[in-house]
Structures are given as C-alpha cells and as structure tokens.
Amino acid sequence: MKSTLTYLAALAVVTTAAFGDGAALYQACVQCHGAQGEKVAPGGNSKVINTLSKDAIVAAVKGYQAGTYGGKTKALMAAPVKELDDAQIREIADYIGQ
Ligand code: HEC
C-alpha cells in the first residue's frame, strides 16, 4: 500500500511537470473558464476561451490589463490577470488556445 502511494505521488509530480507552466498558471482561470477553458464565464457574456486562437487570448488578456478590452463583466477579469507578465500570458495562451 505504501509503495502504491509513493508511486502515485511520484506520478503526480511527473504529470504536473510534463504540462509545464502554462497548465500551472491556467489553474488561476479554472474557477470561471472551466478546467479545459470550455465554459462561458460568470455573467454569461464571455466567449468559450478554448475556441480562441492563442494570439486572441494574448490580445484579450493584455487588453483586460490595460483596460482597453472587455464587455460588461470585464471587472471580473482584472484581478486574475493583474500580476501576469508577457511570458506568462503567452504560456497560458499556448496551453489553452487553438
Ligand atoms: C472571476 C472569474 C474569472 C477568472 C478567475 C478569469 N476570468 Fe477570464 N473572463 C471572465 C469574465 C466574466 C469574462 C468576460 C468579461 C467581459 O469582457 O465582459 C472573461 C473573459 C476572458 C477572455 C476573453 C474572452 C472573450 O469573450 O473575448 C479571456 C481570453 C480570458 N477571460 C482569459 C482568462 C485567463 C487566461 C484567466 C486566468 C489567468 C482568466 N480569464 C481568469 C471571468 C474570469
């Protein structure tokens, strides 16, 4: 039993590493956009982000940061993207975008 648990713990570490930073960073988005970016966010007016191109996601996130993009519920996007730098935004987009 103990060896099984050790094996599972090791597997979890390997799996997390294999997904890379994009997957880890995307965890901050799961609550509103779904585990695979498959949900419409709360408020009902966001696009389903896993259907967007990587470039469209980068542009939208930077727009939310700058206050130049968004609809009636854009205030919900301010906090989750506030601390992301350009490289991190690109990693998230590569992970979830088309
Ligand atoms: C608290 C809920 C919440 C979290 C957390 C969140 N979002 Fe959003 N997101 C929204 C809402 C609501 C919208 C639509 C806002 C609007 O423009 O009216 C949106 C819109 C977007 C859009 C644009 C979709 C479109 O309609 O053009 C992208 C891209 C996006 N989010 C990416 C992310 C990423 C990446 C993260 C994680 C770093 C994230 N979101 C975290 C709620 C959230």
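Residues numbered from 1 in each chain as written. Predicted model: local features only at pLDDT ≥ 70, side-chain atom pairs only at ≥ 80, totals over all residues.

Summarise the overall build of the chain; cite the residues concerned and give the values.
From N to C terminus, the chain includes five helices and zero strands. Counting from the amino terminus, helix and strand elements in the chain follow one another as α-α-α-α-α. Evaluated residue by residue, the chain yields a buried proportion of 15% over its 98 residues. By sequence separation, contacts in the chain at least 24 residues apart represent 61% of the contacts at least 6 residues apart. (Helix = DSSP H or I, 4+ residues; strand = E, 2+ residues; numbered from the N terminus. Buried ≥ 20, exposed ≤ 12 C-beta atoms within 10 Å, placed from the backbone. Contact = placed C-beta atoms within 7 Å.)

I'd love a proper account of the environment of Ile-92, names of residues and values included.
Residue placement: Ile-92 occurs in helix 5 (residues 86-96). Residue Ile-92 is classed as buried on the basis of its C-beta count, with 27 C-beta atoms lying within 10 Å. In this structure the C-alpha to C-alpha distance between Ile-92 and Gln-27, which are 65 residues apart in sequence, comes to 9.6 Å. Setting aside residues up to four positions removed in sequence, Ile-92 forms contacts with Gly-22, Leu-25 and Tyr-26.

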